[in-house]
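# Structural features, examined
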Amino acid sequence: MPAAPNRRAVAVILLVPLIVTLSLWAFSWPAARMAPRDLPVGVAGAAPAADQLQRQFEQRAGAFEIHRYDDEAAARDAIEDRVVYGAVVVTEEGPRLLTASAASPVVSQLLTEAAKGAAPSGTAVPVTDVVAAPATDPRGAALGASILPLALAGVAAGAMVTVMRLRGARAAVTLVGAAGLVGIAATAVAHSWLGVVTGDWWTEAGVVGLTVLAIASGVGGLAALLGSKGIGVGALLMVLLGNSFSGVTSAPEMLPEPVGAIGQWLPPGAGGSLLRSVAFFDGAAAGGAALTLTVWAVLGLAAVLFGGRREPEAGSPAELPGRRREPVLTD
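Residues numbered from 1 in each chain as written. Predicted model: local features only at pLDDT ≥ 70, side-chain atom pairs only at ≥ 80, totals over all residues. Heavy atoms only, no water.

Here we come to helix H6 (residues 147-163). Given a rise of 1.5 Å per residue, 17 residues ought to cover 24 Å, and the 24 Å separating the end C-alpha atoms of H6 matches this to within 8%. Taken as a whole, H6 has its buried residues at Ile147, Leu150, Ala151, Gly154, Val155, Ala157, Gly158, Ala159, Val161 and Thr162. Where H6 terminates, the next one or two residues include arginine 165, which has phi positive at roughly 65°. (Helix = DSSP H or I, 4+ residues; strand = E, 2+ residues; numbered from the N terminus. Expected span 1.5 Å × (residues − 1). Buried < 20%, exposed > 50% of the residue type's maximum accessible area, 1.4 Å probe, protein only.)

In structure tokens form, the structure reads like this:
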């Protein structure tokens, strides 16, 4: 009876539209709902002019998280430390806007429009880009596009280790080696050739390598614990959710809640934030993202090592035809 092939055909007919629907939701919904949500912004200067400016920003309920600073120097420090995305400085000549397009060109444009809207009618608002994006990537498009290839590289590494039946320490060493080489190769392209990242070369390579390792070990660890279906779970987590929720093309605070926060807990989002920090801000605000990537890498490698000690289940990649099992000797 052809019942089994028919069931498989029905499964394909139903699963393909489901996958497409989920993909459209994951990639299109955050982009369609992009707007500031508690976006950190500074206001500098003396009251009452600064107080009035703050009230104008707060009229957009929930859009901005206002940080007050005494003067322009303090606001600049906050921008360079990645505490705020920009700041409006109240001076005797009128308001002046400080931005950091390296943190997010999208947010810089948003703040420019917001500052002009908050200023008195007809008042010019000079804009100073405190930490500018590189001239080779002024809109951050190349940096944003780099996260998907890194996610795919990590998923591919984790999947290949599983399909090639590497287990335990051998699998862990393979993942570390592959991630390290990806870090070097990707930095050679992004830094040395394209010039879209401008920080310390080896630090950037380390960040890229750690990002790929966190993704690869996550996928490999899930496969070691769940079998082949762990590859699909890992790919769904890292590519469908991790890449689309990363916020690297805009900012985590521009995505619908709780998408922005979830994206920063996953390796693609954490890797994008960490790469911005080391590439343009001398490592400022890098601790949280580095910790997230390290936790993923450590837990993933631990799962790979633990899975390598388990007896492979029937039908798992380690039990595929052609694999020779050693005889068990008993007394």
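Next comes the rest of the write-up.
Here we come to the environment of alanine 205. Within the fold, alanine 205 resides in helix H8 (residues 201-226). The class for alanine 205 is buried, based on a relative accessible area of 7%. Along the backbone, alanine 205 and leucine 275 are 70 residues apart, and their C-alpha atoms lie at a distance of 9.4 Å.

This next bit is on the sheet that holds strand E3 (residues 86-91). Read from one edge to the other, the open sheet built from 5 strands follows the order E2-E1-E3-E4-E5, with strand pairing classed as mixed. Both outer strands of the open sheet, strand E2 (64-69) and strand E5 (127-129), are each paired with one neighbouring strand and no more. Each adjacent strand pair in this sheet contributes to an overall mean axis angle of 25°, direction not counted. For E3 and strand E4 (residues 94-99), the ladder comprises 6 bridges, and the chain directions are antiparallel. Opposite valine 89, over in E4, you have arginine 96 as the bridge partner. (Pairing = 2+ DSSP bridges. Axes fitted to C-alpha atoms, helices over the stretch in contact; angles between N-to-C directions.)

Looking now at the pattern of salt bridges. The tally for this structure, following the rule as stated, stands at 3 salt bridges. Linking arginine 68 and aspartate 51 is a salt bridge whose minimum nitrogen-to-oxygen distance equals 2.7 Å. With arginine 68 in strand E2 and aspartate 51 in helix H2 (residues 49-58), this residue pair connects regions lying 17 residues apart in the sequence. Overall, the relative accessible area of 27% leaves aspartate 51 in the partly exposed class. The salt bridge involving glutamate 72 is made with arginine 96; its shortest N-O contact spans 2.1 Å. Taken as a pair, glutamate 72 in helix H3 (residues 72-80) and arginine 96 in strand E4 lie far apart in primary sequence, 24 residues in all. Taken together, the shared-partner salt bridges in this structure form one network comprising Glu72, Arg76 and Arg96. (Salt bridge = Lys/Arg side-chain N within 4 Å of Asp/Glu carboxyl O.)

In this section: the side chain of serine 250. Summarising the element assignment, serine 250 is placed in the loop between helix H9 (229-243) and helix H10 (259-265). Serine 250 sits in the buried class, given a relative accessible area of 1%.

Attention now goes to the nonpolar core. One finds Leu39, Phe64, Leu111, Leu175, Phe280 and Phe281 to be the most contacted residues of the largest nonpolar core, which totals 65 residues. For phenylalanine 281, the residues in contact, after removing those within four places along its chain, are Ile79, Glu80, Arg82, Ala100, Ala102, Ala103, Val131 and Arg276. With 6 residues, the next largest nonpolar core counts Ala151, Val219, Met238 and Val239 among its residues. (Core = buried A, V, L, I, M, F, W, Y, C linked by side-chain atoms within 4.5 Å. Contact = heavy atoms within 4.5 Å.)

For the rest of this paragraph, the subject is the packing of H8 against helix H12 (residues 287-309). How two helices sit against one another is set out by the angle between their axes and by the gap between those axes. Relative orientation of the contacting elements H8 and H12 amounts to 35°, with a least axis distance of 7 Å. Judged by the sense of rotation from one axis to the other, the crossing of H8 with H12 is left-handed. For the pair H8 and H12, the contacting residues are Leu210, Thr211, Leu213, Ala214, Ser217, Gly218, Gly220, Gly221, Ala224 and Leu225 in the first and Ala290, Leu293, Thr294, Trp296, Ala297, Gly300, Leu301, Ala303, Val304, Phe306 and Gly307 in the second. Each residue belonging to the contact of H8 with H12 can be placed in one class, and the counts come to 13 nonpolar, 8 polar and no charged. (Left-handed = near helix turned anticlockwise from the far one by under 90°. Nonpolar A, V, L, I, M, F, W, Y, C, P; charged D, E, K, R; others polar.)

This part covers the pairing of E4. Burial within E4 is extensive, with 5 of its 6 residues counted as buried. Count of turn residues in the E3/E4 antiparallel hairpin: 2 residues. The sheet contact formed by E4 and E5 spans 3 bridges and is parallel. Note on E5: the bridge partner recorded for leucine 98 is threonine 128. As for the winding sense of the linkage, the β-α-β connection from E4 through helix H4 (residues 105-118) to E5 is right-handed. (Right-handed = clockwise from strand over helix to strand, strands pointing away.)

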